[in-house]
Amino acid sequence: MPQSPSFYVTTPIYYVNDAPHIGHAYTTVAADVLARWHRQRSETVFFLTGTDEHGSKVERSALDAGVTPQEWVDRLVTEEWTPVLETIDAANDDFIRTTSSRHKAGVKKFWSQLRESGYIYEGTYEGPYCVGCEEFKLPGDLIEDAGGGPKLCAIHGRPVELISERNWFFKLSAFSDKLIEHYTRHSEALQPQSAYNEVMSFIKGGLDDISMSRSAANVSWGIPLEWDEEQVVYVWFDALLNYVTAIGYGADPDTPDGKKFAQIWPANVQLVGKDILRFHAIFWPAMLMAAELELPKTVFAHGWLLVGGEKMSKTKLTGIHPSQIVDDFGSDAFRYYFMRAIQFGQDGSFSWEDMAARYQADLANGVGNLASRATAMVNKYCDGVLPEPGNYSNADLALADDLVARIEKADAAMLRLAFSDGLAEIMAFVDALNLYVTEQQPWVLAKDESQTGRLHTILYVICDSLRSIAIALNPTMPKSMKSLWGQLGAQPLLGELADATILSAMERGKLTPGSVVTKGAALFPRIEVPEPAKDSAAE
Ligand code: MSP
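Residues numbered from 1 in each chain as written. Predicted model: local features only at pLDDT ≥ 70, side-chain atom pairs only at ≥ 80, totals over all residues. Heavy atoms only, no water.

1. Describing the overall build of the chain
When helices and strands are tallied, the chain shows 20 helices and 18 strands. A globule of 539 residues ought to have a C-alpha radius of gyration of about 24 Å, and the chain, at 26 Å, matches this closely. Reported as C-alpha extents along the three principal axes, the dimensions of the chain are approximately 90 × 60 × 40 Å. By residue count, 55% of the 539 residues in the chain fall in the buried class. Long-range contacts, defined as pairs at least 24 residues apart, comprise 76% of the intrachain contacts of the chain with a sequence gap of at least 6. Of the roughly 22,300 Å² of accessible surface on the chain, 51% is carried by carbon and sulfur atoms. (Helix = DSSP H or I, 4+ residues; strand = E, 2+ residues; numbered from the N terminus. Rg over C-alpha atoms; globule rule 2.2 N^0.38 Å. Buried < 20%, exposed > 50% of the residue type's maximum accessible area, 1.4 Å probe, protein only. Contact = heavy atoms within 4.5 Å. Areas by Shrake-Rupley, 256 points an atom, 1.4 Å probe, with all protein chains shown as cover.)

Dropping the structure here:
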């Protein structure tokens, strides 16, 4: 049997030491929506996320907390990071930790192999280093300190440290031309266009070799090099490898892990925030080229969630924890809001008012109200049994045509990661269905016995259209759409909603007449508008 196409999507791995906030959750939600969408296109999906756990910052925090670095990261992963996945309802297939033995073994193997191929040499590096970013800085990355002190990291606003040490270098300069050639041939490999342009002009400015290790005397919490145990792999060159160590990199091709790697790699979509684009669009592909591995098909850089016009961050105390929003609105509304309100690839601001307004308009009064009207009418006029449709009228056929057109457009938008456009198409169909209900006036027909046939057709069309809506909105709002699926009585004959294909959302007449339609709890209950105090966190 031919295997279904495989789709591999990754998020960056999050700094374990940071407190999770909605900026991190934003990347994970986008990856999860994409993963679920592709699963419903019958693809074999692998969705990876995880945590980045090495580096001096972690070491220092563990010391402050009076525990070993390993105890510290174990605690953070269990108490802070994995619970967020549940909060935002992310269905990742794996969770990679850079302190896991599978990752450490893969990292050692990778760099030893690159050394054998002649891409690694010994040297001395001196430069400004930001502990917050875990990276050496270039002059253009620094800002003046107003008080005349040492220059500051532009991202953290904290003084950089001048570091000089013996390191091992990766011959990044050998890959400038190859990268330019690759991106010229594959413009889809870097998205959006602004990311493509930024990276291309950076590469054209010339790439210098880069140190890929740190002295273990300065940073001991890292992965030692196999050929020089006094050096550990620089945290970025450790972290980037998670995308391959998680799926069996380095295993013998005949073993299950080796086969897994051959099946899953290369990644189809690697999501990153624009702040970490260069690592993913320059270092990472150069490393892969050096190891003669395939390059990811697309690296997509999304924008930042802003607070007061600046990137939301823990350092600036502007981080909002996902549960602060999810506790009030639920995970579905959280997911919907961030995917619908912000064009993926651009910056966006979160505000409680905007969140509440969209919840009310699109979810409570939109799809939620439509579902409750439909199930109530089937209960009132047909004793909760889905009626048999008769001949379709022009209005019914026009609605079906609109559905096909909308889902096709939504599919195309989701595939290009235009989540907001995709959701707009689906919500436009919700509006069309609402209009259909208003125009067909089933409540008027219900008063006239000679119109029972037409009434039944209309109720069937409404419920069957809601079936399509449940399928198309499931990747974004899996909890409420599962409930809608249940209310429509779809489950017994059509199976699990998560297994319903996007293609089947475009087909008409899949619900089985005679199914039991129940008027369940409101999908999106009305919510008290959050108290103004919370608005202080918004822009
Ligand atoms: N550990 C590195 C990534 C290594 S991947 C091999 C890292 N971690 S991070 O926790 O700082 O950021 C992870 C992701 O969260 C990045 O994509 C980053 O852009 C995203 N975000 C962090 N703050 C954000 C906002 N305020 N808004 C949107 N995304 C943000 O970098």
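Anyway, onward from the coordinates.
2. Considerations on the site of the ligand
Of all residues adjacent to the ligand, which total 25 residues, the nearest are Ile13, Asp52, Gly273, Asp275 and Leu305. A distance of 3.3 Å separates a nitrogen atom of the ligand from a polar atom in the backbone of Gly23. Asp52 is positioned with one of its side-chain polar atoms (N or O) 2.7 Å from a nitrogen atom of the ligand. Here the ligand, which alone exposes 660 Å², has 97% of that area covered by the protein. For the shell around the ligand, the element with the highest residue contribution is helix H1 (residues 22-39), accounting for three residues. Across the shell around the ligand, the residue classes break down as 13 nonpolar, nine polar and three charged. (Near = heavy atom within 4 Å. Polar contact = N/O pair within 3.5 Å; in protein donor to acceptor, adjacent residues only side chain to side chain. Nonpolar A, V, L, I, M, F, W, Y, C, P; charged D, E, K, R; others polar.)

3. Let's talk about the pattern of salt bridges
Across all of its chains, the model carries 26 salt bridges by this definition. Of the charged contacts in the structure, one is a salt bridge between Arg278 and Glu198, with a shortest N-O distance of 3.3 Å. On the criterion of sequence distance, the pair formed by Arg278 in helix H10 (residues 277-290) and Glu198 in helix H6 (residues 193-204) is long-range, its members being 80 residues apart. (Salt bridge = Lys/Arg side-chain N within 4 Å of Asp/Glu carboxyl O.)

4. Some points on the side chain of Asp94
Tracing the backbone through its elements, the reader meets Asp94 in strand S4 (residues 94-97). The exposure class of Asp94 is buried, given its relative accessible area of 17%. Apart from residues no more than four positions distant in its own chain, Asp94 is found in contact with Phe46, Phe47, Leu48, Thr49, Arg102, Ala246 and Lys260.

5. What to know about the sheet that holds strand S17 (residues 310-311)
Pairing within the open sheet is mixed, and its three strands lie in the order S17-S16-S18. The two strands at the open ends of the sheet, each matched to only one other strand, are S17 and strand S18 (348-349). Sheet topology note: the strand S16 (residues 305-307)/S17 ladder contains two bridges and is antiparallel. Across the sheet, residue Leu306 finds its bridge partner in S17, namely Lys311. (Pairing = 2+ DSSP bridges.)

6. Section: the packing of helix H5 (residues 176-185) against H10
Two numbers describe how H5 lies on H10: the axes approach to 10 Å, and their chain directions differ by 105°. Of the possible angle classes, the one that applies to H5 and H10 is roughly perpendicular. Between H5 and H10, the residues in contact are Lys178, Leu179, His182 and Tyr183 and Ala281, Ile282, Pro285, Ala286 and Met289, respectively. (Axes fitted to C-alpha atoms, helices over the stretch in contact; angles between N-to-C directions. Parallel < 35°, antiparallel > 145°, perpendicular 65-115°, else oblique.)

7. Regarding the packing of aromatic side chains
Tallying each qualifying case throughout the model produces 33 aromatic pairs. On the numbers, 6.3 Å between centres and 45° between planes, the contact of Tyr125 with Phe169 is tilted. Separated by 44 residues along the polypeptide, Tyr125 in strand S5 (residues 120-130) and Phe169 in strand S9 (residues 161-170) bring together distant segments of the chain. The exposure class assigned to Tyr125 is partly exposed, which follows from its relative accessible area of 21%. Between Phe300 and Phe344 the ring centres are 5.1 Å apart and the planes differ by 25°, which places this aromatic pair in the stacked class. (Phe/Tyr/Trp six-rings, centres within 6.5 Å; stacked < 30°, edge-to-face > 60°.)

8. Re the pairing of S9
Note: S5 against S9, ten bridges, orientation antiparallel. When the sheet's bridge partners are listed, Glu126 is paired in S9 with Ser164. As paired strands, S9 and strand S11 (residues 210-211) are joined by two bridges and run antiparallel to one another. Considered in S11, the bridge of Phe170 is made with Ile210.

9. What to know about the domain arrangement of the chain
The assigned domain composition of the chain is domain 1 (7-302) and domain 2 (352-505). The C-alpha centroid of domain 2 is placed 42 Å from the C-alpha centroid of domain 1. Listed per partner, the contact involves 14 residues of domain 1 and 20 residues of domain 2. At the boundary of domain 1 with domain 2, total buried surface from both sides reaches about 1,500 Å², with 66% on carbon and sulfur atoms. Of all residues in domain 1, the largest losses of buried area upon contact with domain 2 belong to Val33, Trp37 and Gln40, amounting jointly to 52% of the total for that side. At the junction of domain 1 with domain 2, the criterion picks out one salt bridge. (Domains from an automatic or database assignment. Buried area = accessible area lost by both parts, 1.4 Å probe.)

10. Looking at the sheet that holds S9
Overall, antiparallel pairing links the four strands, which are arranged S6-S5-S9-S11 in an open sheet. Sheet topology places strand S6 (135-136) and S11 at the edges, where each strand pairs with a single neighbour.

11. So, empty space enclosed by the protein
For the structure on display, the rule yields five cavities of 30 Å³ or more. Empty space within the largest cavity amounts to approximately 110 Å³. Lining the largest cavity are 13 residues, and of these Ala400, Val461, Asp464, Ser465 and Arg508 sit closest to its centre. The set of elements that each furnish at least two residues to the lining of the largest cavity consists of helix H14 (394-415) and helix H17 (452-473). Considering every element that reaches the lining of the largest cavity, the biggest residue donor is H17, with six residues. Grouping the amino acids of the lining of the largest cavity by side-chain chemistry returns six nonpolar, two polar and five charged. (1 Å grid on protein atoms, 1.4 Å probe; cavity = no way out; pocket = protein on both sides within 12 Å on 5 of 7 lines; lining within 4 Å. Points joined across faces, edges and corners; volume = space filled by probe spheres on them.)

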